[in-house]
Amino acid sequence: MYLITGATGNVGGPLARRLHEQGHPVRVLVRNPARAADLPVGIERSVAISITPTTWPTPSRAWTPSSSCRWAAEPTRPTS
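Residues numbered from 1 in each chain as written. Predicted model: local features only at pLDDT ≥ 70, side-chain atom pairs only at ≥ 80, totals over all residues. Heavy atoms only, no water.

> Pulling in residues and values, what's your account of the pairing of strand 1 (residues 2-5)?
Every regular strand shows the same layout, with side chains that alternate between the two sheet faces. Strand direction decides the pairing type here: strand 1 and strand 2 (residues 26-30), joined by four bridges, are parallel. The partner of Leu-3 across the bridge, within strand 2, is Arg-27. (Pairing = 2+ DSSP bridges. Helix = DSSP H or I, 4+ residues; strand = E, 2+ residues; numbered from the N terminus.)

If you want it as C-alpha cells, here you go:
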C-alpha cells in the first residue's frame, strides 16, 4: 500500500494514478475530497482534518503543540 499526500497536486496526482495503473494499492490523503474526485475508482481516499491547539482533544492539553497544524486521517470511500 502506497500512501500519497498531495494527491490533488501536480506531482502527487500523477504519481497516484501511475502507481494505481501499475496495479499497486494506493491510498491518498487529501484535505478537500472534492478535489480528488477525478482520481480513478479503486484509489482509496482519506480526508485529513486539521487539529490546532484550540481543537486538540482535552486529555492532550498538557502537551502544547506548536502553532503548525497536526493532521489525522479518516478513511473515506469514493461516492462514484
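So that's the structure; there's more coming.
> Explain helix 1 (residues 12-21) to me, using residue names and the numbers behind them.
Three or more residues of helix 1 are buried, namely Gly-12, Gly-13, Ala-16 and Leu-19. All buried residues of helix 1 fall inside an arc of 135° around its axis, so they share one side. Facing away from the buried side of helix 1 by over 90 degrees, the exposed positions are Arg-18 and Glu-21. Elements in contact with the buried residues of helix 1: strand 1 and strand 2. In the segment just after helix 1, Gly-23 is the residue with positive phi, at about 95°. (Buried < 20%, exposed > 50% of the residue type's maximum accessible area, 1.4 Å probe, protein only. Arc of directions from axis to C-beta. Contact = heavy atoms within 4.5 Å.)

> Any chance you could break down the pattern of salt bridges for me, citing the residues and the numbers?
Across all of its chains, the model carries two salt bridges by this definition. Its salt-bridge partner being Arg-27, residue Glu-44 comes within 2.7 Å of it at the nearest N-O pair. Taken together, the positions of Glu-44 in strand 3 (residues 44-51) and Arg-27 in strand 2 put the pair 17 residues apart, joining distant regions of the chain. Here Glu-44 falls in the partly exposed class, since its relative accessible area comes to 24%. (Salt bridge = Lys/Arg side-chain N within 4 Å of Asp/Glu carboxyl O.)

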